[in-house]
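Structure assessment
Given next are the chains, with one letter for each unit.
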Amino acid sequence: MERSPAAARNLRFAVIGAGMSGVLTAIKLRKAGYRDFVVYEKADRLGGTWRENTYPGIACDVPSHLYSYSFEPNPEWSHRFSPGAEIQAYFEGVATRRGVMECMRFGAEITHAGFRDGRWHLETKDGRRDVVDVVIAATGVLHHLKWPDIEGLDRFEGALFHSARWDHGVQIDGRRVGVVGTGSSAVQIVGAIVDRVAHLSLFQRTAQWIMPQENPCYSDAELAEFRRNPELVDKMHADMAVLFSAFSNGLVDANSPQMQAIETACLANLEQNVRDPVLREKLRPNYKAACKRLVMSADFYRAVQEPQAEVVTEGIERVEAKGVRTRDGRLHELDVLVLATGFRVDRFMRPIRVVGRDGLELDAVWEKRPSAYLSVSIPGFPNFFMLNGPNGPVGNFSLIEVAELQLGYILQLVEPLRRGECCEISASESATQRLEVERTEAARHTIWGSGCRSWYLDDRGVPMSWPWTFDRFRAEMAAPKIEAYERKG
Ligand SMILES: Cc1cc2nc3c(=O)[nH]c(=O)nc-3n(C[C@H](O)[C@H](O)[C@H](O)COP(=O)(O)OP(=O)(O)OC[C@H]3O[C@@H](n4cnc5c(N)ncnc54)[C@H](O)[C@@H]3O)c2cc1C
């Protein structure tokens, strides 16, 4: 029998993290009629990735008109791939306009979340406490810095920092700068600083496929048209979503025509734009394009061919006071060393100590590796949901769309709680295990499983991400299969 709205429970929510996903959650909770929620953010302002990554050259690598909330198109994007500071300003602007700033608690790092007596008991680092019905962890995936395992980092006498903690107090103009890593951040940094430095050493462990991608700015006439014609901006978002879905659908088959087309474009870029045959061979990857996250750049090859640039492929032996010593015995003298070595992608909301039903420790459940049902729910952790959690889609497309779809799904899961039909909901162990077996098998056939070393791979070498088409992801997120969930109370 349908319960009357009067029987509805007044649920209290805690959202952990005020990055793109946390801001989205606050807006959507309010839209769904929830009033009792708090967003806990450990930093002093929102933004997550875009607050933390301020290195020269930072920009999104999916088009800005796609990397926007579906409900907040932005006619003001300056470039096809806009710079990080603009993206940060976009999220701050959206949060302010939508009136969700007031529910954010900054400088509030959640350290403990325990499920007792049907509710989640939270604690912050500075001892604040809260008790809520539902937790939504929006703590990010590219958040915890990965430091390379290189001897002697602490002995370097110059300036040393991770790309996600760029030290703007350090002068790089006219100095000798080393960059460790060749992922998207490193490639953006190299293109942005090469003309400013005296010498640039790029320490490359793995060559990257580079997708040639111009980044024009929008003209005044185009911007005026975007402002005048909101339907056009919506259409750009929709058209790009279709294009990127087609790309994402191709990722799940290493031999798909989409993957072959990408490799052809990257190969032509390498052959046509790197003149020196020795450098060209250094830069030639020995795995399929898109096996590692595809790097987009219009100027990387130009940058590494500048006379002051050097691509160092000899392995790093150690870091010394004056620079980096490679295995051939050479010392690369440096004033600044940038570690563009990425993130620990297996952390998710940890180091929060999360304790589920009957004292179940998340660290124990995830001892081998993190997993979750459809990346949003973990058996034994009722009323606890994640955005961009384990095994979700990651790739060269907008994580905003992923988060929007996941949140829509989570809000449907919460509905029975709101209606008072049950007190606890979490994925069942059997559904989670079944899906994980299927997912692992499918993942081996994706482009990420085609034979390269990358952050997509787990400890067994199995790609950690969503291994099916983006269309299937959308279909799964449209409505929960209620039989996959355990409801109590
Ligand atoms: C350099 C870079 C470029 C990228 N480019 C793209 C791109 O072009 N397209 C794309 O789709 N994606 C891109 N990404 C991925 C990007 O991370 C996501 O698009 C998105 O910004 C993630 O938002 P989020 O809110 O899920 O996580 P984050 O942005 O990581 O935010 C998580 C927030 O949670 C907070 N937090 C964590 N733990 C706690 C705690 N215990 N207590 C309180 N607060 C906590 C953090 O401080 C942070 O503010 C990029 C990532 C990086 C690093």
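How each quantity is defined
Residues numbered from 1 in each chain as written. Predicted model: local features only at pLDDT ≥ 70, side-chain atom pairs only at ≥ 80, totals over all residues. Heavy atoms only, no water. Helix = DSSP H or I, 4+ residues; strand = E, 2+ residues; numbered from the N terminus. Pairing = 2+ DSSP bridges. Axes fitted to C-alpha atoms, helices over the stretch in contact; angles between N-to-C directions. Parallel < 35°, antiparallel > 145°, perpendicular 65-115°, else oblique. Contact = heavy atoms within 4.5 Å. Nonpolar A, V, L, I, M, F, W, Y, C, P; charged D, E, K, R; others polar. Buried < 20%, exposed > 50% of the residue type's maximum accessible area, 1.4 Å probe, protein only. Salt bridge = Lys/Arg side-chain N within 4 Å of Asp/Glu carboxyl O. Phe/Tyr/Trp six-rings, centres within 6.5 Å; stacked < 30°, edge-to-face > 60°. Lys NZ or Arg CZ within 6 Å of the ring centre and 35° of its normal. Near = heavy atom within 4 Å. Polar contact = N/O pair within 3.5 Å; in protein donor to acceptor, adjacent residues only side chain to side chain. Areas by Shrake-Rupley, 256 points an atom, 1.4 Å probe, with all protein chains shown as cover. Expected span 1.5 Å × (residues − 1). pLDDT = per-residue confidence, 0-100.

**Topic: the environment of G359**
Checked against the element boundaries, G359 lands in the loop between β18 (353–355) and α10 (362–365). Residues G359 and R116 lie 243 residues apart in sequence; the distance between their C-alpha atoms is 8.7 Å.

**Overview of the sheet that holds strand β9 (residues 176–180)**
Reading across the sheet, the five strands line up as β8-β17-β9-β10-β13 and stay open at both edges, with parallel pairing between neighbours. Both edges of this open sheet fall to β8 (159–162) and β13 (309–312), since each of them pairs with a single strand only. Strand-to-strand twist across the sheet, computed as the mean angle between neighbouring axes with direction ignored, equals 15°. The pairing of β9 with strand β17 (residues 336–339) spans four bridges and is classified as parallel. Bridging from a neighbouring strand, G178 pairs with L337 of β17.

**Describing the packing of helix α5 (residues 220–228) against helix α6 (residues 230–251)**
For the pair α5 and α6, the least separation of the axes is 5 Å and the interaxial angle reads 100°. On the basis of their axis angle, the class for α5 and α6 is roughly perpendicular. Residue-level inspection shows E225, F226, R227 and R228 of α5 in contact with α6, the latter providing P230, L232, V233 and M236. Taken together, the residues of the contact of α5 with α6 sort by class into five nonpolar, no polar and three charged.

**Description of the side chain of S201**
Within the secondary structure, S201 sits in strand β10 (residues 199–203). You can call S201 buried: its relative accessible area is 1%.

**Regarding the pattern of salt bridges**
Counting across every chain of the model gives 46 salt bridges. Residue E102 pairs with R30 through a salt bridge whose shortest N-O separation is 3.7 Å. In this pair, E102 is assigned in the loop between α3 (84–97) and β3 (104–106) and R30 in helix α1 (residues 20–31), connecting sequence segments 72 residues apart. Here E102 falls in the exposed class, since its relative accessible area comes to 59%. Its relative accessible area of 26% is what places R30 among the partly exposed residues. Here E436 ties to R439 by a salt bridge, and the two come within 2.9 Å at their closest N and O atoms. Of the two residues, E436 and R439 are both situated in helix α12 (residues 429–443); the distance of three residues between them amounts to about one turn of the helix. Classification of E436 by relative accessible area gives buried; the value is 18%. Accessibility expressed as a relative area gives 4% for R439, which makes it buried. Each of E415, R418, R419, E421 and R487 takes part in a single network of salt bridges with overlapping partners.

**Observations regarding the packing of aromatic side chains**
To describe a pair of aromatic rings, you give the distance between the ring centres and the angle between the ring planes. Considering all chains together, one arrives at 21 aromatic pairs under this definition. A ring pair is formed by F470 and F473, whose centres lie 5.5 Å apart and whose planes are at 45°; its orientation type is tilted. Remark: F473 and F470 occur in helix α13 (residues 470–478); sequence separation between them is three residues, near one turn of the helix. Of the two residues examined, F470 and F473, each falls in the buried class. When the ring centre of Y34 is taken as origin, the NZ or CZ atom of R418, which lies over that ring, is 4.1 Å away. Taking the ring centre of W468 as reference, the NZ or CZ of R472 above it sits at 3.9 Å.

**Digging into the sheet that holds strand β19 (residues 384–386)**
Strand order in the open sheet formed by five strands is β3-β2-β1-β7-β19, with parallel pairing between adjacent strands. With partners counted over all chains shown, the strands left at the sheet margins are β3 and β19, one partner each. Looking at each pair of strands side by side, their axes are set apart by 20° on average, direction ignored. Relative to β3, strand β2 (residues 37–41) is paired through three bridges, and the arrangement is parallel. Counterpart to E41 in the pairing with β3 is F106.

**A few points about the site of the ligand**
Inspection of the region around the ligand gives 34 residues, with S21, E41, T49, D61 and Y67 positioned closest. Note that an oxygen atom of the ligand is positioned 3.0 Å from one of the side-chain N or O atoms of R51. Between the ligand and Y67, the relevant distance is 2.5 Å, taken from an oxygen atom to a side-chain nitrogen or oxygen of the residue. Bound to the protein, the ligand loses 96% of the 990 Å² it would expose on its own. Among the elements of the structure, α1, β2 and α2 (49–52) are those that each provide at least two residues to the shell around the ligand.

**Topic: the environment of Q208**
By secondary structure assignment, the location of Q208 is in the loop between β10 and β11 (210–211). Exposure remark for Q208: the relative accessible area of 8% places this residue in the buried category.

**Observations concerning the pairing of β13**
Going residue by residue along β13, you find A309 and V311 tucked away on one face and E310 and V312 tucked away on the opposite face as well. Alignment of β10 against β13, held across four bridges, turns out to be parallel. When the bridges of β13 are listed, L200 appears paired with A309.

**Looking at α1**
With twelve residues, α1 extends 17 Å from end C-alpha to end C-alpha; this agrees with the ideal 16 Å at 1.5 Å per step. Most of α1 is tucked away: nine of the twelve residues are buried. Listed as buried for α1 are M20, S21, G22, V23, L24, T25, A26, I27 and L29. Elements in contact with the buried residues of α1: β1 (13–16), β2, α3, β3, β7 (134–137) and α11 (399–418).

**Here's the deal with the confidence of the model for the chain**
When pLDDT is low, close inspection of the predicted coordinates is not appropriate. Per-residue confidence for the chain gives a mean pLDDT of 95, with 99% of residues at or over 70. Here residues 1–6 scores under 50 on pLDDT; set against residues more than four positions off or in separate chains, the count is two contacts.

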